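Structural description and commentary
Here is what each chain is made of, one letter per residue.
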Amino acid sequence: MYGDRTPSPKMQEVKYNYRPIECEIDDRSVRVINRHLFTSTSEYDAYVTLLKDGEEVLRTPMATSVSPLSDRKYDLPMDRPEEPGEYTVIVSFHLKHDTDYAPAGHEVAFDQYTYRVEGSAAETACDLPFEFVRGYQNYGANGRDFRVLFTPGQGGVASYVYDGHEFICGNRVPAPNFWRAPVDNDQGCIAPQRYAQWKIASMYLTHKKNANFDIMIPGIEPSADGLTTVYTLNLPTTPAAQVQVRYEVRSDGAIDTTLMYDPVEGLGDMPEFGMMFVLDAGLDHVRWYGRGPEETYADRQGGGKMGIWENAVVDNLASYLVPQECGNHTDVRWGEVYGDDGYGIRFTALGAPMYFSALPYTPHELENAAHPHELPPIYHTVVRVSLGQMGVGGDDSWGSRVHPEYLLDVSGHMEFRFRWQAFKRQ
């Protein structure tokens, strides 16, 4: 709870862990496990909800009667879908009658299961006008309704214009990010001190070779319908390390981006592995398909229900007494930010689901404020997409570290691939 007794995002996970009924679900059946000491599941209304690609397509009641401290398997009251897509089955239990603590219909427990139905649907080909352009230093591409400009002197994408709207703010090129604002549990186990090199790496990575302004020249491979360019960036760590960022510009204006890193012996894991976009504050609405509605993390995501969620960017800024990491969402298939005029950018995971957050501040701005009133005026919307982020801990706040299974794996090559593309909402 917050200081004013309103629920914090953590209550979503507390409720899930305290649920009195558990379900083990697959695409055809569900095993209902009743943890009650005296109450049968027949005292609740049970429902099965089916989502397709995040959208609800079916909700039907299911009769159950599982005695206390026992379990029973049921067939799902629906046919397995055949149409290709991603499906989520949610089995939930609700109060039949008003109680002292909640009204009838209140959900007391749920579990979910996600699976894919494979099909032959192919991605639409990008057969659109495309032009590679090159200047003395900069280069880029022009399409039917977009322009993208790369600046080797800044180490990446310096401009991205769609339908006359610029989405890159000033010199804020999209950049790799390895840091999150420390949470209370991090402070207790001196994680900021142990991971400090990754904060420096996030803030001061460079495309320069030395102080003589010699830069690492990006690889450039234009084609008739696209452009591939690769930037190598030095990380100011000890031992020294590098990352590569590959951009593949398609003729429809989408930019497929791959962040690559080969771990260096002796450097260790990082708090986050992804990319950060500092966008205009006017992009203040956010939607995502993943776990929600509250924030979720690697070790705090059981209570996050799959679906398509929407709120304002500022709604993802948790009201902790000390500003810290917040607003992250796990298992995200796509996330988007947009303004009142409908223009925005969608970020889509290519391959495994990603982590996604949209906040009014960078991790460094959050960390620099000891109290919420010390946060600066809102100038930007900060989007972070990542392969993953270390867990937030929680065993205690005075020494316990994040469990090893919730740390990023740096035992081999790391690669995170996603797509970003401007759009106009209809």
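Here the structure is a predicted model, which means the values were calculated and not measured.

1. Structural notes on the sheet that holds strand S13 (residues 175–177)
- Within the open sheet, the five strands sit side by side as S13-S18-S25-S24-S21. Their pairing is antiparallel. Unpaired on one side and paired on the other, S13 and strand S21 (329–332) mark the two borders of the sheet. The mean inter-strand angle of the sheet, taken between neighbouring strand axes irrespective of direction, is 30 degrees.
- The pairing of S13 with strand S18 (residues 272–280) spans three bridges and is classified as antiparallel. Residue pairing for S18: alanine 175 is matched across the bridge by methionine 276.

2. With respect to helix H4 (residues 196–204)
- Those residues of H4 that fall on the buried side of the exposure criterion are Trp198, Lys199, Ala201 and Ser202. End-on view of H4: buried residues confined to an arc of 160 degrees, all on one side of the axis.
- Looking at the buried residues of H4, the elements they touch are S13, strand S15 (226–235), strand S17 (255–261) and helix H5 (363–367).

3. A closer look at the pattern of salt bridges
- A full pass over the atoms with the stated rule returns 25 salt bridges.
- When the shortest N-O distance is used, the salt bridge between aspartate 256 and arginine 419 registers 2.5 Å. Here arginine 419 lies in strand S26 (residues 414–424) and aspartate 256 lies in strand S17, a separation of 163 residues in the sequence.
- Accessibility expressed as a relative area gives 5% for aspartate 256, which makes it buried.
- Connected through salt bridges with shared partners, the residues Arg246, Glu248, Asp256, Arg417 and Arg419 form a single ionic network.

Reading the values: rules and limits
Positions within a chain are numbered from 1, following the residues in the order the chain's sequence is written. Local features are withheld for residues below a pLDDT of 70 in this predicted model, meaning they are given only at 70 or higher, and side-chain atom pairs are given and counted only at 80 or more; totals for whole chains, interfaces and linings count all residues. The side-chain values count all of the structure's non-hydrogen atoms but skip hydrogen atoms and water molecules. Paired strands are those between which DSSP finds at least two bridges. Put simply, DSSP H or I for four residues or longer makes a helix, DSSP E for two residues or longer makes a strand, and each gets a number counted from the N terminus. Fitted lines through C-alpha atoms give the axes, limited to the stretch in contact for helices. The angle between two N-to-C directions lies from 0 to 180 degrees. Throughout this description, buried means an accessible area under 20% of the type-specific maximum (1.4 Å probe, protein chains only), exposed means over 50%, and partly exposed covers the range between. Note: the arc covers the axis-to-C-beta directions of the helix. Contacts are residue-level and defined by heavy atoms, with any inter-residue pair within 4.5 Å sufficient. The working definition used for a salt bridge is a side-chain nitrogen of Lys or Arg within 4 Å of a carboxyl oxygen of Asp or Glu.

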